[in-house]
Amino acid sequence: MSRQHRILAAALGAAVLVGAAIAAPDAGATTRSVDDTVRLNEIQVVGSHNSYKRFLEPAEESVLRSFIGDGANAMQYQHPPLPEQFATQKVRQIELDVFVDSAGGRYANPLIRGAAGLGPYDPAMSDAGIKVLHIQDIDYHSTCIAFIDCLEQIEGWSDANPSHLPIAVLVELKDDPLSFGDLTFTTPEPWTTARMDELDAEIRSVMDPEDLITPDDVRGGASTLEEAVTTTGWPTIGESRGKVMFMMDNGGGYRTNYLAGHPSLQGRVLFTNANPGDDDAAFVKRNDPFDASIPGLVQAGYVVRTRADGDTAEARANDTGPRDAALASGAQWVSTDYQAPGMALGFTTDYVVEIPGGTVARCNPVLQPVECVDAELDTIYQVPNETTTTTTTSTTTTAPSSTTTGVAQPTTASPATPVSASASYTG
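Predicted, not measured: the structure shown is a model, and the values here were computed from it. (Residues numbered from 1 in each chain as written. Predicted model: local features only at pLDDT ≥ 70, side-chain atom pairs only at ≥ 80, totals over all residues. Heavy atoms only, no water.)

Concerning helix α7 (residues 193-206)
The following threshold applies: Where helices and strands are cited, they refer to DSSP runs of H or I of at least four residues and of E of at least two residues respectively, numbered from the N terminus. How far a helix is expected to stretch is found by multiplying one less than its residue total by 1.5 Å. It only takes one pair of heavy atoms within 4.5 Å for two residues to be counted as in contact.
For α7, which comprises 14 residues, the first-to-last C-alpha distance of 21 Å matches the rise-based estimate of 20 Å (1.5 Å per residue) to within 8%. Elements that come into contact with the buried residues of α7 comprise α6 (147-160), β4 (167-173), β5 (244-248), α11 (252-259) and β6 (270-271).

Right, here's the structure in full:
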């Protein structure tokens, strides 16, 4: 069944649930207005940071802390499988860290795991293809080891829930080497332009053209992508429901290589992290929620991702200042490691990041679009641990998720004396 047919079927089902529209002609007026007039950039949602990440097993955690001590606290967070985040945690933006693994097996025997005497990590690591993990040899447990598996989880949930707001996927290309004492770490393959072509190809192998929002879709007849978003504007919510868009976290040479042969991102899948005024500027990353430029960027037509917390610091201190600043900034995507209550594991606080009012999304506080109602933007949400939820406008079904690995709780035992070296944590 095509996506258009799925959306039509969902709409017909919703009409049955709320009663005959003919008998109550105004019942769906607000939703129709939202779909027709509110644009993709005129809303705000919560996203998850390093959305695939799982805890190390206790033996691995013990080894890690023997090297870096309390430095391991910065990595003491994890997330449920992607479909669960969409269905029960109201997440509409995720982040995936990707590593080239052209021959397969490059990351199959992590250093920390070997030191813990646990042997190879997971058979899926032996397969060729892009891998999803946080830091090679150090922090590698993932709910979807292969990038393709992550994409299939996203697509499966999206197909089952075609009226969802667009899901934004932030992709960070990783190939930095590690240096720590005398240890020998796995050297990643570099992200060349050819490997970036393969990244696009893997996405297109799972996502049909009608499933995607690409730079070409947004540019339309404008001469550049930047001109389109600052004049014509982004697609409407109605044009964006049930779709997925991808953005590149990296800048610098990664962005330059991705643009090579693709001016203004012609033919590309990802929106680049560009500078305002550049031909490819549409998505702008501003991780600091106190950055005074964010409201202006939002008003100009760009979409912005910022962070409410990082390295577990705000959650441990229950510091809601950055969270509140991020939400007030108008950034369309506010990323966190704590998008639902009870996620502060290994320590105890009530810290959580949610859209005010408890809705999946809200009308952008800076742009304040007319005829926009928070509760009408996306109603696909179910109480955790339930299989389905019916609302006045939609029925939600959770797509099956793959088996997860590395689900052990983090250890709180006192760390051994760390070796004499400095550790660097990369987000």
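Past the structure itself, the notes keep going.
A few points about the environment of Gly47
Heads up, the rule is: Accessibility here uses a 1.4 Å probe with only protein chains present; expressed as a share of the type maximum, an area under 20% marks a residue as buried, one over 50% as exposed, and anything in between as partly exposed.
By secondary structure assignment, the location of Gly47 is in strand β1 (residues 43-48). Residue Gly47 is classed as buried on the basis of its relative accessible area, which comes to 0%. For Gly47 and Glu354, which are 307 residues apart along the polypeptide, the C-alpha to C-alpha distance reads 9.5 Å. Setting aside residues up to four positions removed in sequence, Gly47 forms contacts with Val91, Gln93, Val334, Ser335 and Thr336.

Some points on the state of the cysteines
Stated precisely, the cut-off is as follows: Criterion for a disulfide: a pair of cysteine sulfur atoms within 2.5 Å.
Under the definition given, this model contains 2 disulfides. For Cys144, the disulfide goes to Cys150, at an S-S distance of 2.1 Å. Because the sign of the S-S torsion sets the handedness, a value of about 95 degrees for the bond joining Cys144 and Cys150 places this disulfide among the right-handed ones. Accessibility expressed as a relative area gives 2% for Cys144, which makes it buried. In this structure Cys150 comes out as buried when scored by relative accessible area, which is 0%. Shown here is the disulfide that connects Cys363 with Cys372, its sulfur atoms set 2.1 Å apart. Across the S-S bond of Cys363 and Cys372 the torsion is about -95 degrees, and the bridge reads as left-handed. Since its relative accessible area comes to 13%, Cys363 is described here as buried. The connectivity of the disulfide-linked cysteines in the protein chain, indexed sequentially, is 1-2, 3-4.

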